[in-house]
Amino acid sequence: MDILYLLIPLSVVLVFFILAGLWWAIHRGQFDDIEREGERILEDP
Amino acid sequence: MLQVMFGATVVADESQVDRVQLPVRRTSPVPVDALIDPTVDAAAQLLDDPQEWATFSRASEAHPGWIESNLVIEGMTCSACAVTIEHALCAMPGVQRADVSAASHRATIVWSPDEVQPSGWIAAIRRAGYIPLPANDSSARAARKQESRTALWRWLVAGLCMMQVMMYAYPAYVALPGDLSAESERLLRWASWVLSLPVVLFSCGPFFRNALRDMAQRRISMDLPVAIALVITFAVSSAGTFDPQGPFGREVFFDSLTMFVFFLLTGRWLELRMRDRTAGALEAMVNRMPEVVQRRQADGSFEAVSARRLCVGDIVRVLAGEAMPADGVIVQGTTQVDQSLLTGESTPVTRGVGTPVVAGSFNLSAAVEVRVEQVGEQTRFAAIVALVHSAATAKPRLAQLADRIAKPFLIGVLLAAAGAAAFWWSYGPGHALMVAVAVLIVTCPCALSLATPTAMLAGAGTLARAGVLVRRLQALEALAAVDSVVFDKTGTLTHDVLRVEAVDVRAGLCQQQALAMAGALAQQSLHPVARALALAGSATDQGKRWSAQGVVEQAGEGLSGSLQDAHSGDVIDGLRLGSARFCAPVTGDAGGATTHLCDASGWLASFGLAQELRADAAQTVAHLRDDGLAVHMLSGDQRAAAAVIAGELGIASVQAECTPDAKLAFLRRLQADGHRVAMVGDGLNDAPVLAGANVSFAVGRATALAQSQADFVVLGEQLLRVPQTLRLARRTMRVVRQNLAWALAYNLACIPLAVVGWIPAWLAGLGMAASSLLVVLNAMRLSTDLERAEG
């Protein structure tokens, strides 16, 4: 079970990476208008 | 207002206000003919002025040298519309990018001022069949966008950290003694502590800020116990992590802490989103084209300029049917103006050379030239707005139920903790401190602080689905306590247009023919009576048969002219349409809301006009009375007209001929007698009363100023939403009280157990989660359909 001593700190680091990704997504406006972007892929170019 | 003109006591008070609203006439809901209205073209031309487009545009950050403009699009119904508009815009040379949001009816256009002018792409949108308006609210929108992004970010941080902290906490819950080595456990706790830090330091920021602000102002709100609970829980858990042998024991509560924060932030985020949607819908109504005015140049010709550009001393030409752009003095011409906006008086007044006119009053009969005396902030219109603001600041405030409870609760908890610590002190300070902490954790006001917002959010969500926007959640609390409802008459209880109710004709003439003839003449006038007749006339099967020639309008009297029959080519000369005096032929009923038509040989027909009650007005008043509320009616209109409507609805308390000040005074009298008053209105002259009432509704096609002051905005035309909202508010407050009672009972039961040391900390955390869940589920009962919730 020694691997836990590596995995648990790693999971903490991973959470911070995910948070950084979320920060980037939110402040780039990815969540500002959820509906319209979902519909855009259905349209002809 | 034109009853003088037509000799009829026709009711038409506040309805005009809608049309003369400043700074320009209302643009929403969309007039049917706006797509072909030439004045829209003139206004679009004005937008080519960089000073004008600067109000809704800015330099694009992503594309240097390009301009990014924000628009509101009217007439959009679905996402297919968004596609159409985007394609129409992108086909324009000089437009680099266009994003249209179907949900918010907004468009962002990136364009180059070297290649295209705003009037160009505005025309492109109008050719596609939609009506663009410059979005003058972009700074408010940008601020709200930033705020909602930050709220979402706080919420996601709390959510993600909560999930991970729970993973770390899970082994400690399921492990049998000996399963978990001391090192592993310590590692898990350290990991939990690290991930709790961003939650406490970042996500909880608003709670700490509000708590500090409240302490500085010597107030106690729900945020203070929340902040204290957060600090204590985190401090105790940190001590348990790093100093398990210390006085605070070895228990940690990182999972309860993060979950608590996540729950609270979920509620706040939903509240913010709902408020955003309401605010977005309302702010959109302040968007409009710039008002075009005709200003006289040095050489005597007239140029079209934006009303914003007017200066004192300018001479402007105001055509019949336009609103006065500024306070001023007439220098040429004579006309009738409707000043009901400012005075509440529905009778138009005659104004000649040298007499003053006020901004926002409506020019009814002839073109005049006006010298501008006052602009902007100094006008009478601005004075009404100031009255609104002063009324709003004097609004009676209701201490919020949860905050009223928070104070004794907090004091009680602190006393209990101190008492327990003092009691156990003799057994050892460490144990005494631990007991005090247990008391504080057990009483963590999770359920208490969720009790009110969850119930109100559920109620507001139900209302929003039924087309009632709630501006502030606390208004639900104020509404539940209301005991009187005051209605405005025109536009609220009645529709704001006149309708032809009765037609009397000379023998040999049919009603349809009489209506068609009167309608053809009336088309030449802007008078409300004339407009009602024109509408009725064009609806007949002979609507296109007659064409009017040489129509002359005599202000205050009526119209005269001749009609040509399109079928036979015959011309009828000497026709008159107007007051009994003007036609001078009438026998019998000269009173009432009646307009007459006669020809050279005498009387042809009489038309009775009336205001139409809303279909659900009577039912609304009945419902309110069933619920034990006193119903009053206020009107700026004449006493007789108001009495007729009040009689039909069975409203005993009527105040007629009210100015905006008088309406506010009536409200203040009611409030001084100890009544809590809800005001329902729509017009500009209702705005001060709406602002001053304990709680207010804007209904129907309410003016933007009225909507900006109302706590509830009823979209659509259903007056019945008012009693329905009231019932839902009362139910909401019942649920809030149940929730608060439950939370308090839970806490009161747990404090003695914690004081004697019977509740281990993990059980306290579990109890906290269970009681919060119960509170949320109880609130969900309010998420029913508004119609079905009746009864």
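Residues numbered from 1 in each chain as written. Chains lettered and ligands numbered in written order. Predicted model: local features only at pLDDT ≥ 70, side-chain atom pairs only at ≥ 80, totals over all residues. Heavy atoms only, no water.

Student: Explain the overall build of chain B here, please?
Tutor: Counting its regular elements, chain B contains 28 helices and 27 strands. A total of 791 residues make up chain B; the buried ones form 55% of that total. In chain B, the share of contacts with a sequence separation of at least 24, taken over all contacts with a separation of at least 6, comes to 70%. Counting only carbon and sulfur atoms, one obtains 58% of the accessible surface of chain B, whose full area is about 32,400 Å². (Helix = DSSP H or I, 4+ residues; strand = E, 2+ residues; numbered from the N terminus. Buried < 20%, exposed > 50% of the residue type's maximum accessible area, 1.4 Å probe, protein only. Contact = heavy atoms within 4.5 Å. Areas by Shrake-Rupley, 256 points an atom, 1.4 Å probe, with all protein chains shown as cover.)

Student: I tried to follow the overall build of chain A on my own but got confused; where do I start?
Tutor: When helices and strands are counted, chain A shows 2 helices and 0 strands. Within chain A, the fraction of its 45 residues that count as buried is 22%. Of the roughly 3,500 Å² that chain A leaves accessible, carbon and sulfur atoms contribute 71%.

Student: Can you walk me through the interface of chain A and chain B in this structure?
Tutor: Think of interface size as the accessible area that goes away when the parts come together; that is how it is often given. Each partner contributes to the interface: chain A provides 25 residues, whereas chain B provides 30 residues. Each partner contributes to the roughly 2,200 Å² buried at the junction of chain A and chain B, and carbon and sulfur atoms together form 70% of this total. Where chain A touches chain B, the interface holds 0 salt bridges. Where chain A touches chain B, the interface holds 3 residue pairs in polar contact (both at pLDDT 80 or more). For the side of chain A that touches chain B, the elements supplying multiple residues, two or more each, are α1 (4–27) and α2 (34–40) of chain A. In terms of residue count, α1(A) provides more of the side of chain A that touches chain B than any other element does, 14 residues in total. For the side of chain A that touches chain B, the class distribution of residues is 13 nonpolar, 3 polar and 9 charged. (Buried area = accessible area lost by both parts, 1.4 Å probe. Salt bridge = Lys/Arg side-chain N within 4 Å of Asp/Glu carboxyl O. Polar contact = N/O pair within 3.5 Å; in protein donor to acceptor, adjacent residues only side chain to side chain. Nonpolar A, V, L, I, M, F, W, Y, C, P; charged D, E, K, R; others polar.)

Student: Before we go on, may I ask you to explain the packing of aromatic side chains in this structure?
Tutor: Both the distance between ring centres and the angle between the ring planes are used here to describe each pair of aromatic rings. Residues and elements named next belong to chain B. Applying the stated criterion across every chain yields a total of 11 aromatic pairs over all chains. Both rings, one in Phe-697 and one in Phe-712, keep their centres 5.0 Å apart while their planes meet at 20°; by these two values the pair is stacked. You can see Phe-697 sitting in strand β26 (residues 695–698) and its partner Phe-712 sitting in strand β27 (residues 712–714), a full 15 residues away along the chain. Taken as a pair, Phe-697 and Phe-712 share a single burial class, namely buried. Of note, Arg-317 hangs over the ring of Phe-302, and the distance from its end group to the ring centre comes to 4.2 Å. (Phe/Tyr/Trp six-rings, centres within 6.5 Å; stacked < 30°, edge-to-face > 60°. Lys NZ or Arg CZ within 6 Å of the ring centre and 35° of its normal.)

Student: I keep staring at the pattern of salt bridges and nothing clicks. Help me out?
Tutor: Pairing between side chains becomes possible if they bear opposite charge and their charged atoms approach one another. Per the counting criterion, the structure on display carries 9 salt bridges over all chains. Each member of the salt-bridge network shares a partner with another, and the members are Arg295(B), Glu303(B) and Asp314(B).

Student: Before we go on, may I ask you to explain the sheet that holds strand β6 (residues 292–296) of chain B in this structure?
Tutor: Backbone-to-backbone hydrogen bonds pair the strands of a sheet. The strands run either parallel or antiparallel. All names here are of chain B. What the 6 strands build is an open sheet, ordered β7-β6-β8-β14-β9-β12; its pairing is antiparallel. If you trace the sheet from one side to the other, it starts and ends with β7 (302–306) and β12 (356–357), each paired once. With 4 bridges joining them, strand β8 (residues 315–318) and strand β14 (residues 368–374) adopt antiparallel strand pairing. If you follow Ile-315 over to β14, its bridge partner there is Arg-371. (Pairing = 2+ DSSP bridges.)

Student: Got a minute to help me understand helix α5 (residues 79–90) of chain B in this structure?
Tutor: Because an α-helix packs 3.6 residues into every turn, residues spaced three or four apart end up facing the same way. Taking 1.5 Å of rise per residue, 12 residues should cover 16 Å, and α5(B) covers 17 Å from first to last C-alpha, within 8% of that figure. Of all the residues in α5(B), the buried ones are Cys81(B), Ala82(B), Val83(B), Ile85(B), Glu86(B) and Leu89(B). (Expected span 1.5 Å × (residues − 1).)

Student: Help me out: how do you make sense of the nonpolar core in this one?
Tutor: Side chains of nonpolar character tend, in soluble globular proteins, to be buried together. Residue and element names in this part refer to chain B. Core analysis: the largest hydrophobic core is formed by 110 residues, its most contacted members being Leu-479 and Phe-712. Here this core takes 13 residues from helix α27 (residues 721–755), the largest share from any one element. Setting aside its immediate chain neighbours within four residues, Leu-479 contacts Ala-678, Val-695, Phe-697, Phe-712, Thr-725, Leu-726 and Ala-729. In this structure, Leu-509, Ala-520, Val-529 and Leu-597 belong to the second largest nonpolar core, which totals 28 residues. (Core = buried A, V, L, I, M, F, W, Y, C linked by side-chain atoms within 4.5 Å.)

Student: Is there a simple way to explain the packing of helix α9 (residues 205–216) of chain B against helix α10 (residues 223–242) of chain B in this structure?
Tutor: The description of two packed helices rests on the angle between their axes and on the distance between the axes. Residues and elements named next belong to chain B. Two elements in contact, α9 and α10, have axes separated by 8 Å at closest approach and are oriented at 125°. Accordingly, the angle class assigned to the pair α9 and α10 is oblique. As α9 packs across α10, the resulting crossing turns out to be left-handed. Contacts from Phe-207, Phe-208, Asn-210, Ala-211 and Met-215 of α9 reach α10 at Asp-223, Leu-224, Val-226, Ala-227, Leu-230 and Val-231. (Axes fitted to C-alpha atoms, helices over the stretch in contact; angles between N-to-C directions. Parallel < 35°, antiparallel > 145°, perpendicular 65-115°, else oblique. Left-handed = near helix turned anticlockwise from the far one by under 90°.)

Student: Any chance you could explain the confidence of the model for chain B here in plain terms?
Tutor: Should the pLDDT be low somewhere, the predicted coordinates at that spot are not to be read in detail. Residue and element names in this part refer to chain B. Mean pLDDT over chain B stands at 77; residues scoring 70 or higher make up 80%. The least confident element of chain B is helix α2 (residues 14–20), whose mean pLDDT is 31; the most confident is helix α8 (residues 182–203), at 92. Contacts from residues 1–36, a stretch scored under 50 in pLDDT, to residues over four places away or in other chains number 138 contacts. Per-residue pLDDT stays below 50 along residues 588–592; that stretch engages in 5 contacts with residues further than four places along the chain or on separate chains. (pLDDT = per-residue confidence, 0-100.)

Student: Can you help me understand helix α14 (residues 401–424) of chain B in this one?
Tutor: For α14(B), built from 24 residues, the straight-helix expectation of 34 Å at 1.5 Å per residue is met to within 8% by its first-to-last C-alpha distance of 35 Å. Within α14(B), burial applies to Leu401(B), Ala402(B), Ile405(B), Ala406(B), Phe409(B), Leu410(B), Val413(B), Ala417(B), Ala420(B), Ala421(B) and Trp424(B).

Student: Where do I start with the sheet that holds strand β23 (residues 630–634) of chain B in this structure?
Tutor: Residue and element names in this part refer to chain B. In space, the 7 strands of this open sheet follow the order β15-β27-β26-β25-β16-β23-β24, with mixed pairing throughout. Here the strands that pair on one side only, and so sit at the sheet edges, are β15 (468–470) and β24 (653–655). Ignoring which end each strand starts from, the neighbouring axes of this sheet average 20° apart. Across 4 bridges, strand β16 (residues 484–488) lies against strand β25 (residues 677–681) in parallel orientation. Following the sheet pairing, Ser-484 is matched in β25 by Val-677. Those strands touched by helix α24 (residues 660–672) are β16, β23, β24 and β25, and its axis lies near 160° from that of β23.

Student: Quick question: what am I supposed to make of the packing of α8(B) against α9(B) here?
Tutor: Residues and elements named next belong to chain B. α9 packs onto α8 with a crossing angle of 45° between their chain directions and a minimal axis gap of 5 Å. What the angle tells us is that α8 and α9 run oblique. Residues Val-200, Phe-202 and Ser-203 of α8 touch α9, and the partners they reach there are Gly-205, Pro-206, Phe-207 and Phe-208. Its residues placed into classes, the contact of α8 with α9 shows 5 nonpolar, 2 polar and no charged.

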